Structure formats: C-alpha cells, structure tokens
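A structural walkthrough
So you can see what is in the structure, the chains are spelled out below.
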Amino acid sequence: MKAVSAEEAVALIPNGATVMVGGFMGVGTPERLLDELVRQRKSELTIISNDAAVPGQGVGKLFDAALVAALTASHIGLNPNVQKQMMANKVAVDLVPQGTLVERIRAGGCGLGGVLTPTGVGTMVEEGKRRIELDGKSFLLETALRSDFALIHAFLADYLGNLTYALTARNFNPVMAMAADTVIVTAEHIVPVGVIAPDHVVTPAPLVDYLIANG
Amino acid sequence: MVNLGIGIPTLVANYVPPSLKVFFQSENGLIGTGPIPEQGMAHPLLTDAGGRPISALPGACTFDSAMSFGLIRGGHVNVTVLGGLQVDAEGHLANWMIPGKMVPGMGGAMDLVSGAKRVIVAMQHAAKGKSKIVQKCALPLTSSRPVDLVVTEMAVIGFSGGKMTLQETAPGVTVAEVMAVTEADLFIPASVPEMKL
C-alpha cells in the first residue's frame, strides 16, 4: 500500500477505464475521488456501482459532468440526469438485479467464472443468458465482473491499509475491494496499526494499493 | 425477519406492535432498522435503502451487500412487503419499469420476490382510473414466482389454490365496488369479511 494524494491516485486512471465505485445512494462513496475524476475530466468511463445516486452526490457527479459512457447498476430511478442520458443513447445502462450485481462482483474478486442465481428467471433479465436446471430448479448463469479500478470508502484505515466500514456505508465496498486490478481507498479516519483489532478488519491491507492521505 | 420496500410498504413498520419482536432488514446492509431519527440526530452513514437517515435499534447489525442479498435470496427473510405497478391473475408482479417512460431499475426487488418466504404487495388498487389488478401483466415482470398476497386501500387478495381470490374488503367498500376497479377475473367466495383495522 502507498499513501498518495487524491490528485496522484486519480491521475493513474486513464480515459475509458472501467471503474467500480462503492456506495449506496451516495452513502459510503469516496466523494473526494469522484470530485477529482471530475476535476481531471476523466471521460468515457465505464462505471459499475449499485445505483446512480442523485445529481451532485456520489457517482451522480460523474453524470453531471457527462464523463460516463456505460453504467452497470441496479437502480437509476433517483437520478433524472442518467435517465435522460440513457434515453438520448449517451450512456449505455445495463440494469442488473442488486443481489446479482454484488454476487457477480464477488465472483470476480474470488476467482469464480460466475454464479447461478434464481433471480431473473422468466423476466427480461434472462434475455441472452443461459438457463441451467439443477435439482428441478431454474437458475441463470451470471458471469463474473471485474474492473481496472475500485474506488472504495472506508471508515477506518490503518497505516498498512487494513479497513473497517461504518453502519450502512459498508454496502458494496469490501466486495469491490476484491474485484479490481487497482484499489484506491479514502477513509474517514486514518489510524495507527493496531487500532483496528484483527477480528475487526473487514478488508485486509494486502488488497489496498493506494490510500488517500487525509488533508 | 421482514424487508419493507420504499413507499407504501415503509408505513407497515408503524403498525407492528413491539411485542411481535420483528427484525426489519434494510437491503443496504442492516438488520434492526429503527424509526426516522429526531431532528439533529441523523447519522450520514446510517440510512435506509432510499438513502434517507434512519436509526438502528439495540441489537442491530450491519453487513455488506453480498451478505444482505445472501439473506434475501437464501430464504432467510420471512416476509417482504413491496410496492407494485401491476399484479395479475396468476400473482405475477410487475414493479420495476414502464418501457419507454420510466426505467428506474429493479434494485433489490427481483431478489426479494425470488427469495423471500412470503411476498406481500402493498399498493393502490388503481392508478389514474386504471386497474392495477390485471388479467395479465403488460409491464415487464419482476419475477416468475407469484406473490402470496395483495393489499390495497380497497381489498385483500390472495391466491389460494392458484386462484386469485377476494379475501377481505376495506370498511365501507362493497364487493361490487372492488370488482368495478379490478380488471382481473377475481374469484368471490360466498362470504367476504371486512378488513379488521
């Protein structure tokens, strides 16, 4: 793990990169990294996140600045900008059931090719997918998701990069921290090694590539 | 363990007596959701599935989204109450998009309908004069698994024996009034009791 500024970390992300962003309706989202993506005008991004948040908040900021070419998410209903950009064919939106989305990311981070889920069988979600019958039940084969970068927000990070999360700000963060080539983390508090007890570490330090120093 | 959807279903929590000891799950990663906090007491990292501030009750626990949907798909959620756009005679629910008009996405709804032990839909009986209880859903389905119960401001509708059945009417609402705003073929038993409120 290397401690860097938000500016340095975001400079590593090229235009057109695939980026996972933690958070649920902007809660548990690394806002400073999103602000920096907007400032450096990183464009044509493929974003993987639970939702599109709302304008001005979380990943919503990337859509305000028209930096996104494609979005994979479970819900965009509270961001009218994304709806507009989708209808105008400016953003390709792939809507995925939330449980399927997180499990595809988990599979990507755990070296699995995909998962079998009953969710979506017999609905629009099934289109173009393989249905597999096992023990008399129907499942869809949903493939794993990985990304070039994961932008993660933790509650505590220690000097080595061990992470814990707070309350409902955990959501997709620890799962995405497993599924990207490069993991960049912001934390509410950076604390000495040992403050987070071994039993309480959720994301182990070796998964974290860059920790953004708190100003 | 109970999961409540956004909108009308959220109101259910206000009518559950504490003696029932229900655990409310919020799919953004919490079991033990409590009431909306008082002014000035909200925590920005403690929110419901719509991103609004909530509280957590003593004994609450938090977890990531993979765990949350493991609980949902894995059959650990006893009941979910969800909103709806349409429910049809076979009990199929449509509640996540209106093609060409409104595409909010399914969020957690597809997993909840596929995985919860019992699925209850709480919605208005009709919208803009059009019945939401239809013979066959015209809107894209949320799941191929039928729901168990539909509760509207006019009626309680079940599916015993695979047949859409009027189980109760709201106080002051007649069976004829329910039928007038129900597009689906609704089985009417010999006696239909009134909802107990």
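For the structure itself, consult the block above.
Heads up: these notes are all about the structure in this document. (Residues numbered from 1 in each chain as written. Chains lettered and ligands numbered in written order. Predicted model: local features only at pLDDT ≥ 70, side-chain atom pairs only at ≥ 80, totals over all residues. Heavy atoms only, no water.)

Okay, the overall build of chain A next. The helix and strand tally for chain A stands at 6 helices and 12 strands. Since a compact globule built from 215 residues should have a radius of gyration of about 17 Å, the 17 Å found for chain A is in line with a globular shape. The principal-axis extents of the C-alpha atoms in chain A amount to approximately 50 × 40 × 25 Å. Expressed as a percentage of the 215 residues in chain A, the buried residues total 55%. Put simply, 71% of the contacts in chain A that link residues at least 6 apart link residues at least 24 apart. (Helix = DSSP H or I, 4+ residues; strand = E, 2+ residues; numbered from the N terminus. Rg over C-alpha atoms; globule rule 2.2 N^0.38 Å. Buried < 20%, exposed > 50% of the residue type's maximum accessible area, 1.4 Å probe, protein only. Contact = heavy atoms within 4.5 Å.)

In this section: the overall build of chain B. A tally of regular secondary structure across chain B gives 3 helices and 14 strands. Expected size for 197 residues packed as a compact globule is a radius of gyration near 16 Å; at 17 Å, chain B falls within 12% of this value. By its C-alpha atoms, chain B is 50 × 40 × 30 Å across when sized along the principal axes. Counting all 197 residues of chain B, 52% fall into the buried class.

All names here are of chain B. Strand order in the open sheet formed by 9 strands is 4-3-2-1-5-8-12-13-14, with mixed pairing between adjacent strands. Each edge of the open sheet is held by one strand with a lone partner, namely strand 4 (55-62) and strand 14 (165-169). Neighbour-to-neighbour, the strand axes of the sheet open up by a mean angle of 25°, direction not taken into account. The strands touched by helix 1 (residues 65-73) are strand 1 (2-4), strand 2 (24-26) and strand 3 (30-34); relative to strand 2, the strand with the most contacts, the crossing angle is about 130°. (Pairing = 2+ DSSP bridges. Axes fitted to C-alpha atoms, helices over the stretch in contact; angles between N-to-C directions.)

Another point: the interface of chain B and chain A. With 37 residues of chain B at the contact, the number on the chain A side is 41 residues. Both sides together, the interface formed by chain B and chain A hides about 2900 Å², and carbon and sulfur atoms give 66% of it. Summed over the three residues of chain B that lose the most area to chain A, namely Leu45, Arg73 and Val103 of chain B, the buried surface amounts to 21% of that side. Taken together, the links from chain B to chain A amount to 1 salt bridge. Between Glu103 of chain A and Arg73 of chain B there is a salt bridge; the shortest N-O distance is 3.7 Å. Across the chain B-chain A interface, the total number found is 13 residue pairs in polar contact (both at pLDDT 80 or more). Contributing elements (two or more residues each) for the side of chain B that touches chain A: helix 1 and helix 2 (109-115) of chain B. Counting residues per element, the side of chain B that touches chain A draws most heavily on helix 1 of chain B, which supplies 4 residues. Residues that form the side of chain B that touches chain A fall into these classes: 16 nonpolar, 16 polar and 5 charged. (Buried area = accessible area lost by both parts, 1.4 Å probe. Salt bridge = Lys/Arg side-chain N within 4 Å of Asp/Glu carboxyl O. Polar contact = N/O pair within 3.5 Å; in protein donor to acceptor, adjacent residues only side chain to side chain. Nonpolar A, V, L, I, M, F, W, Y, C, P; charged D, E, K, R; others polar.)

This part is about the packing of helix 5 (residues 98-109) of chain A against helix 1 of chain B. Two numbers describe how helix 5 of chain A lies on helix 1 of chain B: the axes approach to 9 Å, and their chain directions differ by 125°. Comparing the axis directions of helix 5 of chain A and helix 1 of chain B gives the class oblique. Like other packed secondary-structure pairs, helix 5 of chain A and helix 1 of chain B cross with a definite hand, here left-handed. In this structure, helix 5 of chain A contributes Gln98, Gly99, Thr100, Val102, Glu103 and Arg106 of chain A to the contact, and helix 1 of chain B contributes Ser65, Ala66, Phe69 and Arg73 of chain B. Residue composition of the contact of helix 5 of chain A with helix 1 of chain B, by class: 3 nonpolar, 4 polar and 3 charged. (Parallel < 35°, antiparallel > 145°, perpendicular 65-115°, else oblique. Left-handed = near helix turned anticlockwise from the far one by under 90°.)

With that settled, consider the sheet that holds strand 7 (residues 131-134) of chain A. All names here are of chain A. Strand order in the open sheet formed by 3 strands is 6-8-7, with antiparallel pairing between adjacent strands. Each of the sheet's edge strands pairs with one partner strand only, and the pair in question is strand 6 (114-117) and strand 7. Taking each pair of neighbouring strands and ignoring which way they run, the sheet shows an average axis angle of 35°. Here helix 5 sits on the sheet in contact with strand 6 and strand 8 (137-143), set at roughly 150° to strand 6.

On the surface, Tyr159, Leu160 and Val193 of chain A cluster together to form a nonpolar patch covering roughly 320 Å² of accessible area. Tracing the sequence through the fold places Val193 of chain A in the loop between strand 11 (180-191) and strand 12 (210-212). (Patch = residues over 30% accessible without salt bridge, like charges linked within 9 Å, V, L, I, M, F, W, Y side chains within 5 Å. Areas by Shrake-Rupley, 256 points an atom, 1.4 Å probe, with all protein chains shown as cover.)

With that settled, the discussion passes to the nonpolar core. Ranked by internal contacts, the top residues of the largest apolar core, which has 66 residues, are Ile105 and Ile152 of chain A together with Val87, Val150 and Met164 of chain B. Residues in contact with Val150 of chain B, not counting those within four places in the same chain, are Val87, Val121, Met123, Ile133, Ala155, Val156, Ile157 and Phe159 of chain B. Membership of the second largest hydrophobic core comes to 40 residues, among which are Val4, Val19, Ala53 and Phe63 of chain A. (Core = buried A, V, L, I, M, F, W, Y, C linked by side-chain atoms within 4.5 Å.)

Here we take up helix 1 of chain B. Burial in helix 1 of chain B covers these residues: Ser65, Ala66, Ser68, Phe69, Leu71 and Ile72 of chain B. Check the buried side of helix 1 of chain B and you find it contacts helix 5 and helix 6 (173-176) of chain A together with strand 1, strand 2, strand 3 and helix 2 of chain B. Measuring from the backbone nitrogen of Ala66 of chain B back to the side-chain oxygen at the start of helix 1 of chain B gives 2.9 Å, which picks out Asp64 of chain B as the cap. In the stretch just after helix 1 of chain B, Gly75 of chain B is the one whose phi turns positive, near 80°.

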